[in-house]
Amino acid sequence: MNGLSLTKRLADAVFETAYLSLITLFIAFSVIPVIVAVVLSFDARGFIGPFPPTQFSLRWYESFMADSYYHDGLVTGLIVATVATLVSTVAGTFAAIGLSRADFRGRGALQAALLSPLVVPNVVLGFGMLIFASRLGIIDGMTRLIMGHILITFPYVMRTTAASLVGIKASYYEAALSLGAKPWKALAQVTLPLARTGILAGAVFGFVTSFDDVGVSLFLTDAFTFTLPVAILAQMRANLDLTIAALSVIFIVATVLLIVLLDRLAGLDAVVGRGVYGR
Amino acid sequence: MRRPGLTAALLWPALIIMAPLLLGPLLALGHESLKPFVGGRIGGNDAEALTFDNYAAIAAPEYVRYFLDTFRVGLISSAFALVLGFPMAHFIVRRAAPATRRLLIGGLVGTLFLSLIVRVYAIAMTFGPHGPLSGFSRLFGIASSSPDGAELMVVLGLMNTTLPLVALTLLGTLQNINPRLEEAAMSLGAPRWKTFFQVTVAMSLPGILSAGIIAYAFCISNLVVPMLVGRGFILFVSNLIYFRFSEVANFPSGAALSIVMMVVSVALFYGLLHLVRSQWQEAGK
């Protein structure tokens, strides 16, 4: 008995070590590159040398500020992401609510079709949109980008809203109707407020997806209209200097702010979901 | 109390906006892929008869290689993501104190939100020739300058996306498994590892496979990671399609590749998900 429990304790200890090592590895792998990028962004050297740098400066931040190329990309990217997310959020929220009430044949197929851009590679979507737009005679970069970005943001909004609707009892809506509310009013004052966390989360996901997209945007930009990731990619292939490290730090700060904002507005737990046995 | 009129009114905006955006590119790609290619001009030749030549060309070994690389590297990367992601999700759901839980979930969502280019750049700087972890590939007996070294970098780059995705997906799975079952197994004398594998992992298997399939779909459609760290040794089908557009302007061939890649991705994704679901429904779950 004693020998058995010793073996068991040893096995438990080995398991515990492996378990915690994997978690440590996960965190190290996620955090170390971020730290490296932050440190390198303050590197004073004019070339990419051995890590860590010995002298520090703000030269890469100055070089980023002075570069109108990035600035243009940022503005275009924000416009495209905002317009695409607005359109997708309105249409996607309505569609999610509509599909949750629908009982016609082909409902599943319609839902799968509307979600399909999630599964099709972005490069395929972008290339297809480029050929489609050129057949329609649309050569304006902004129009093409917005068309492509509605396509990729819509499924995120619809899927997240649909998931949040599952938890909302249809009986609330029915109760509002039986109390005399018009269907549109019951929808606007009962269902929509209850689904707002899902809608907000979907819109944020959609915005981030659009802002960060490369696969679709690479095909749809023109010489004067390009998004920030496309600008970064072009610069990275031209010369790999540390301006991009400075830019990375700005991205990291913006992401942290976004997460804090999302946590304050909706609560990260609500966004991720607590499940049946969640604590 | 159902009102078909209202349901239809809710669906119309999405249909009006999405139908042309979904079908237009699809039809345009299908048509373009059947045109014969003439060098020196952008787009296929409209004057000649339609042909399947562009599809036949994809069956050549030099093209098939790109498909095989895509599916193989995607598989490796998704598998590693599951191995690392499951314990992390388990830790968050079962062990982490509320403050730690919130921090970890924030970190995961943040990693997912952080620009992919920024993350791949950070990976390249960390594991690259001057990076602090440049010796990492030697742990596996791989020279970082070799093709295998490039493949390792692509796997690492993809894992940066798949890890938070897998961990967040598995949070949902684990939160729906009753913790009492694990407690019961342990109070009956089962060692921790046995409880973990035979109760927790076994009960999460449908969720683990679904998370793996989602991660896989993300991997095989990637463009940026092979482009930035594959160094030409590892290129995915997405890169090939982009080259058809940017380097040689062979639109018909790029369109044929796009159609094939789209069919394969959609079939793989829905086929595998269907397989997982039907398997577990049959078992009486």
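Residues numbered from 1 in each chain as written. Chains lettered and ligands numbered in written order. Predicted model: local features only at pLDDT ≥ 70, side-chain atom pairs only at ≥ 80, totals over all residues.

The name given to chain B in an unreviewed UniProt entry is ABC transporter permease, and the organism recorded there is Ancylobacter dichloromethanicus. Under the UniProt heading Sequence similarities (unreviewed entry), the note attached to chain B is "Belongs to the binding-protein-dependent transport system permease family. CysTW subfamily." (UniProt positions renumbered as here; feature names shortened; annotations may be inferred.)

Per an unreviewed UniProt entry, chain A goes by the name ABC transporter permease and belongs to Ancylobacter dichloromethanicus.

A. Spotlight on the overall build of chain A. Scanning chain A from terminus to terminus reveals 13 helices and zero strands. Moving toward the C terminus, one meets the helices and strands of chain A in the order α-α-α-α-α-α-α-α-α-α-α-α-α. Against the compact-globule benchmark of 19 Å for 279 residues, chain A has a radius of gyration of 24 Å, which places it well outside the compact range. For chain A, the spread of C-alpha atoms along the three principal axes comes to 80 × 70 × 30 Å. Per-residue burial for chain A yields a buried fraction of 44% across its 279 residues. Long-range contacts, defined as pairs at least 24 residues apart, comprise 76% of the intrachain contacts of chain A with a sequence gap of at least 6. (Helix = DSSP H or I, 4+ residues; strand = E, 2+ residues; numbered from the N terminus. Rg over C-alpha atoms; globule rule 2.2 N^0.38 Å. Buried ≥ 20, exposed ≤ 12 C-beta atoms within 10 Å, placed from the backbone. Contact = placed C-beta atoms within 7 Å.)

B. Inspection of the overall build of chain B at higher detail. Within chain B, the regular secondary structure consists of 11 helices and zero strands. Reading the secondary structure of chain B in the N-to-C direction produces α-α-α-α-α-α-α-α-α-α-α. For chain B, buried positions account for 48% of its 285 residues.

C. How the structure looks around the UniProt feature "transmembrane region" (unreviewed entry) in chain B. Residue and element names in this part refer to chain B. Under the feature "transmembrane region" (unreviewed entry), the UniProt entry names residues 71–91, 103–124, 152–174, 195–218, 224–243 and 255–276. Structurally, residues 103–124 is divided into 91% helix and 0% strand, and its ends, taken at the C-alpha atoms, are 26 Å apart. Helix makes up 65% of residues 224–243 and strand 0%, whereas the separation of the span's terminal C-alpha atoms amounts to 13 Å.

D. Region of interest: the interface of chain B and chain A. On the chain A side, the residues contacting the 77 residues of chain B number 81 residues. Sorting elements by how many residues they give to the side of chain B that touches chain A places helix α1 (residues 4–33) of chain B first, with 16 residues. When grouped by side-chain class, the residues that make up the side of chain B that touches chain A number 53 nonpolar, 19 polar and five charged. (Nonpolar A, V, L, I, M, F, W, Y, C, P; charged D, E, K, R; others polar.)

E. Expanded view of the UniProt feature "domain: ABC transmembrane type-1" (unreviewed entry) in chain B. The positions UniProt marks with the feature "domain: ABC transmembrane type-1" (unreviewed entry) are residues 67–272 of chain B. Annotated as residues 67–272 of chain B, this span is 79% helix and 0% strand, and its ends, taken at the C-alpha atoms, are 18 Å apart.

F. Examining helix α6 (residues 147–175) of chain B more closely. All names here are of chain B. In this model α6 runs 41 Å from its N-terminal to its C-terminal C-alpha over 29 residues, within 8% of the 42 Å that 1.5 Å per residue would give. Of all the bends in α6, the greatest, near 35 degrees, is centred on asparagine 160, and the proline proline 164 appears no more than four residues after it. Summarising burial for α6: 25 of the 29 residues are buried, a large majority. (Expected span 1.5 Å × (residues − 1). Bend = angle between axes of the 7 residues up to and from the residue.)

G. Structural context of the UniProt feature "transmembrane region" (unreviewed entry) in chain A. All names here are of chain A. Those places that UniProt annotates as "transmembrane region" (unreviewed entry) correspond, in this numbering, to residues 20–42, 74–100, 112–133, 145–166, 186–208, 214–233 and 240–262. Secondary structure over residues 74–100 splits into 100% helix and 0% strand, and the C-alpha atoms at its two ends are 37 Å apart. Secondary structure content for residues 214–233 is 50% helix and 0% strand, and the end C-alpha separation is 9 Å.

H. Quick peek at unusual backbone geometry. Residues and elements named next belong to chain B. Positive phi, normally seen in glycine, also occurs at arginine 231, with a value near 50 degrees. Within the fold, arginine 231 resides in the loop between α9 (224–229) and α10 (237–246). Located in the positive-phi region is alanine 249, a residue other than glycine, with phi close to 50 degrees. On the neighbour-count criterion, alanine 249 (15 C-beta atoms within 10 Å) is partly exposed.

I. The arrangement of the packing of helix α7 (residues 179–187) of chain B against helix α8 (residues 192–220) of chain B in detail. Residues and elements named next belong to chain B. The geometry of α7 relative to α8 is characterised by a closest axis approach of 10 Å and an angle of 145 degrees between their N-to-C directions. Two packed elements cross with a definite hand, and for α7 against α8 that hand is right-handed. For the pair α7 and α8, the contacting residues are Leu181, Glu182, Ala185 and Met186 in the first and Thr195, Val199 and Thr200 in the second. Here the residues of the contact of α7 with α8 are counted per class, giving four nonpolar, two polar and one charged. (Axes fitted to C-alpha atoms, helices over the stretch in contact; angles between N-to-C directions. Left-handed = near helix turned anticlockwise from the far one by under 90°.)

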